Amino acid sequence: MKITIIGTGYVGLVTGACLAELGNDVFCLDLDEKKVAVLNSGGIPIHEPGLAEIVSRNRAIGRLKFSTDIAASVAHGQIQFIAVGTPPDEDGSADLQYVLAAARNIGKYMTDFKVIVDKSTVPVGTADRVSGAIRTELAARLPPSQASDALADEAPQFSVVSNPEFLKEGAAVEDFMRPDRIVIGCDEGGNGPIARALMTQLYAPFNRNHERTYWMDVRSAEFTKYAANAMLATRISFMNELANLADKVGADIEAVRHGIGSDPRIGHSFLYAGCGYGGSCFPKDVQALERTARSYDQELLILRAVEQVNNNQKHVMGNKIVERFGADLSGKHFALWGLAFKPNTDDMREASSRVLLAELLGRGASVAVHDPVAMSEARRVLDLDFSKTPELLERLRFCDSQMDALQDADALAIVTEWKTYRSPDFNEVRTFLKAPVIFDGRNLYEPAVMNEIGFEYYGIGRSV
Ligand code: NAD
Ligand code: UGA
């Protein structure tokens, strides 16, 4: 099938590459010329396991193209995926300017039937706004006398569908290729049935062994995406709050996690306490859902708490370090392992490491950092974070190896659970560090074992 993907970020690039891999003819549009140039020169702008191979294979055989040409992108696909960013606006609501701009471009250039798929995470009601934007552009193309009456008959037809994405960064290709569900919101009337038939054909390869598609109305599909992310964020904040209490009462949150997760009604996933959730989605989507509720005069009290707990949790590591070393950290030197918001990605958006670094550098400490893939993205992001206090960055050192970062540090702090940090040679770690002290923000190690081999060890909720 001929597919257009608008926006070649994490979601757009993965969607485009994976749909090409399944045999579709995919045209990816992005307005960022640099990104398109990188992709057209055989590079890939993000770190995502397995993605580079799929992009390069499909580009080579001409099934995957990248361009900044809007008119060509609209002409190409019968199905047009909108996969542009929906960042938080100043008030926390989702900023729809990129989605609506993409919709207007479709309306400006389309000449035949199109299914427009909202892949971006968008508030309930956005599909109606996308339809409205397209309709306005179509009307503007007709002579004024015909604009309103003739639109239904003369103008090209379309249908807007909601198909939210549930992939996780770091496992995006695997998640896209083996989805646990495909949610599609589609109108029952008008052009809805034609859109449904085309979407069924597109997703048929995913439904071969068993049906994974959940068909519903458009608004419910839009809502499902926020409900899923809000539920996952709630589980994490709940566990983080319990972990902080476990620290006080002398319980082990890891034992508690096993104890409750074994109840199938609760399940084991997404119950890991840590130094807070980050990334481009949970923080913004929790806020956006709160804003949606407020615009209907409803307060989502649980989500307000989820957000607040998470903001506090990003300071938990800093608080533990201050408790151990005092509020004035000048002259102290720390090693930090992990900068990305989670392993297997170079994404630094809302990463907990940024909060910890601001705290340590702000209190006068020097810090040596290591991350297996996020170093150059971290340099870019931290330059912006510290643009008003660049002198603090003079006390930050980027290290090529995780062991090098440990040299003469008063303690090691771990923020991201990369595999390479899971079982280091602890003798070596002890030798490099000035003192054998570890603050583990992802509960990678067993406290009893660490104490036995001579480390002063601080986890999250593990003060048994
Ligand atoms: P991103 O910021 O990585 O990429 C968005 C891309 O869209 C950018 O390259 C930008 O240049 C491009 N763009 C903006 N306006 C455009 C336009 N009018 N025409 C063409 N290109 C345009 O964003 P992302 O992380 O891929 O997220 C996209 C959407 O998917 C968001 O709504 C997000 O919430 C949702 N989502 C993201 C993930 C994830 O893991 N990142 C997972 C599920 C859903
Ligand atoms: C999340 C969802 O998991 C995806 O289903 C969704 O599609 C995506 O958001 C989105 O809408 O963009 P992602 O943000 O890529 O995916 O990564 P997650 O694995 O969910 O991790 C998010 C954050 O939560 C990370 O900082 C991670 O460290 C933290 N986390 C996760 C915990 O603190 N504890 C856990 O048990 C799980």
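Conventions we followed
Residues numbered from 1 in each chain as written. Chains lettered and ligands numbered in written order. Predicted model: local features only at pLDDT ≥ 70, side-chain atom pairs only at ≥ 80, totals over all residues. Near = placed C-beta within 6 Å. Helix = DSSP H or I, 4+ residues; strand = E, 2+ residues; numbered from the N terminus. Nonpolar A, V, L, I, M, F, W, Y, C, P; charged D, E, K, R; others polar. UniProt positions renumbered as here; feature names shortened; annotations may be inferred. Buried ≥ 20, exposed ≤ 12 C-beta atoms within 10 Å, placed from the backbone. Contact = placed C-beta atoms within 7 Å. Domains from an automatic or database assignment. pLDDT = per-residue confidence, 0-100.

In the neighbourhood of ligand 2, 20 residues make up the surrounding shell, with Glu-169, Tyr-272, Tyr-277, Gly-279 and Cys-281 lying closest. Residue contributions to the shell around ligand 2 peak at three residues, all from helix 10 (residues 218-249). Partitioned by chemical class, the residues of the shell around ligand 2 number eleven nonpolar, five polar and four charged.

Per the UniProt record, the feature "active site" (unreviewed entry) sits at Cys-281. Looking at the secondary structure, you find Cys-281 in the loop between helix 11 (253-261) and helix 12 (282-295). For Cys-281, a count of 24 C-beta atoms within 10 Å translates into the label buried. Non-local contacts of Cys-281, meaning those with residues more than four positions away in its chain, are made with Thr-121 and Asn-229.

This next bit is on the domain arrangement of the chain. Partitioning the chain into domains gives domain 1 (2-216) and domain 2 (233-458). Between the C-alpha centres of domain 1 and domain 2 the distance comes to 35 Å. Taken residue by residue, the interface counts 16 residues in domain 1 and 16 residues in domain 2.

The immediate surroundings of ligand 1 are formed by 26 residues, with Gly-7, Gly-9, Tyr-10, Ser-120 and Thr-121 found nearest. When contributions to the shell around ligand 1 are tallied by element, the ones reaching two or more residues are helix 1 (10-21) and helix 5 (97-109). Among the residues forming the shell around ligand 1, the class breakdown is twelve nonpolar, nine polar and five charged.

Now for the environment of Arg-379. For Arg-379, the position within the fold is in helix 16 (residues 375-385). Accessibility expressed as a C-beta count within 10 Å gives 14 for Arg-379, which makes it partly exposed.

What follows concerns the confidence of the model for the chain. Confidence in the prediction for the chain averages 96 pLDDT; 98% of positions are at 70 or higher. Interface confidence for the predicted complex, given as ipTM, is 0.98, next to a pTM of 0.96.

By the element assignment, Ala-17 lies in helix 1. Judged by the 31 C-beta atoms lying within 10 Å of it, Ala-17 is buried. Residues Ala-17 and Val-38 lie 21 residues apart in sequence; the distance between their C-alpha atoms is 15 Å. With residues up to four places along the chain from it excluded, the contact list for Ala-17 reads Leu-51, Ile-54, Val-55, Asn-58 and Leu-64.

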